[in-house]
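Residue-level listing of the chains:
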Amino acid sequence: MIAGLGIPDGIDPLAGWRYWRADEGWLCSLNKLKTWPAGKPLVAQCPLGMDHGPLPGEQCGCGIYAAIDLETLKELVQPHLESPLVVGEVALWGKVIPAELGYRAEFAYPRRLWVVDESISTLDWLGDLPVNLAGRYHVPVESCGAGWAVAEEATNPWQLEPRVREIRAAVSAFKQSVDRLAAALVQGDEIYRAELARLRAEERTEAIARSAFQSSFGTHMQDVKARRPDGS
Ligand SMILES: [Zn+2]
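## Some remarks on the overall build of the chain
Logical step 1: When you go through the chain residue by residue, the secondary structure sums to 5 helices and 7 strands.
Logical step 2: Counting from the amino terminus, helix and strand elements in the chain follow one another as β-β-β-β-α-β-β-α-β-α-α-α.
Logical step 3: Among the 232 residues that make up the chain, the fraction classed as buried is 24%.
Logical step 4: Taking contacts inside the chain between residues at least 6 apart in sequence as the whole, the part at least 24 apart equals 64%.

See the structure below:
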């Protein structure tokens, strides 16, 4: 326990992971709308003011959120590095509702923190940030690299989505062609050859469309060059 404030120490097994912004040495939510108190737990509030008994409510979205581990947090949230970013473990207690990717809790207090180096401007006083946070919240604070604390952009699954759609469409078109050929084959040699010729023509159409697109792109590039004032 931290100085009898009712904050569980490392013996309590329940911990989640969160990001914070550091604002003048205080931990804030990423949108900076909520400041985490020092020396006493953050207590969940119901933003809807619902009368559903102890917080968090099962059917409500309230409670203090934390991801189940750092890897999950990195998948769920991709914070920018333009202002001081802190990542860490948070103790959760009181009423805690577990979910697949994390928890919603009634009480929370940071347990161990890391300040992300790349989010700190070298011109700032913030070189002292780990020391300031440790002094204020009385928990261990270290610094860490963004490579450990933040997901790479490329791992964002939404960026892969258009490519997945393209591949699925190509596979489905291929299957349709095979089915059409198989059906034509059953109907006889002549119909099969006609269908095969039609499919080959389709492929040619696609090749022609592609080359037309590429050449129009090339023309556009030439136009841009021609418009440059130095004529180069
Ligand atoms: Zn609620």
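## A word on the pairing of strand 5 (residues 85-98)
Logical step 1: Pairing of strand 1 (residues 15-23) with strand 5 involves 7 bridges; the strand directions are antiparallel. Residue Tyr19 lies in a different strand from strand 5, and its bridge partner there is Val87.
Logical step 2: As defined by bridge partners, strand 5 adjoins strand 6 (residues 102-116) across 11 bridges and the pair is classed as antiparallel. Pairing of Val90 across the sheet is with Pro110, part of strand 6.
Logical step 3: Count of turn residues in the strand 5/strand 6 antiparallel hairpin: 3 residues.

## A short note on the environment of Ala67
Logical step 1: The residue Ala67 is located in strand 4 (residues 64-67) in this model.
Logical step 2: The spatial distance from the C-alpha of Ala67 to the C-alpha of Gly102 is 4.0 Å, given a sequence separation of 35 residues.
Logical step 3: Non-local contacts of Ala67, meaning those with residues more than four positions away in its chain, are made with Gly16, Trp17, Thr72, Leu73, Leu76, Leu101 and Gly102.

## Focus: the nonpolar core
Logical step 1: Judged by nonpolar contacts, the single largest core of 37 residues is most densely connected at Ala66, Val86, Leu92, Ala105, Ala108 and Val115.
Logical step 2: Contributing elements (two or more residues each) for this core: strand 1, strand 4, strand 5, strand 6 and helix 2 (129-137).
Logical step 3: Ignoring sequence-local partners within four residues, the contact set of Ala108 consists of Pro41, Leu42, Ile64, Ala66, Val90, Ala91 and Leu92.

## Some remarks on helix 2
Logical step 1: Looking at helix 2, one finds that the buried residues are Leu129, Pro130, Leu133 and Tyr137. For helix 2, the angular spread of the buried residues around the axis is 100°, confining them to a single face. In this structure, helix 2 carries Val131 and Gly135 as exposed residues pointing more than 90 degrees from its buried face.
Logical step 2: Buried positions along helix 2 lie against strand 1, strand 6 and strand 7 (141-144).

## So, unusual backbone geometry
Logical step 1: Cis peptide bonds are those with omega within 30 degrees of zero, and the linkage from Leu55 to Pro56 qualifies with -5°.
Logical step 2: Positionally, Pro56 belongs in the loop between strand 3 (42-43) and strand 4.
Logical step 3: One non-glycine residue, Glu24, lies in positive phi territory at about 50°.
Logical step 4: The residue Glu24 is located in the loop between strand 1 and strand 2 (26-28) in this model.

## Some thoughts on the pairing of strand 1
Logical step 1: Taking burial as the measure, the 9 residues of strand 1 include 7 buried ones, the bulk of the element.
Logical step 2: Note that strand 1 and strand 2 share 3 bridges and pair antiparallel. Paired with Arg21 across the strands is Cys28, a residue of strand 2.
Logical step 3: Counting the residues that bridge the hairpin from strand 1 to strand 2 gives 2 residues, and of these Glu24 lies at a positive phi of roughly 50°.

Rules used in this analysis
- Residues numbered from 1 in each chain as written.
- Predicted model: local features only at pLDDT ≥ 70, side-chain atom pairs only at ≥ 80, totals over all residues.
- Helix = DSSP H or I, 4+ residues; strand = E, 2+ residues; numbered from the N terminus.
- Buried ≥ 20, exposed ≤ 12 C-beta atoms within 10 Å, placed from the backbone.
- Contact = placed C-beta atoms within 7 Å.
- Pairing = 2+ DSSP bridges.
- Core = buried A, V, L, I, M, F, W, Y, C linked by C-beta atoms within 7 Å.
- Arc of directions from axis to C-beta.

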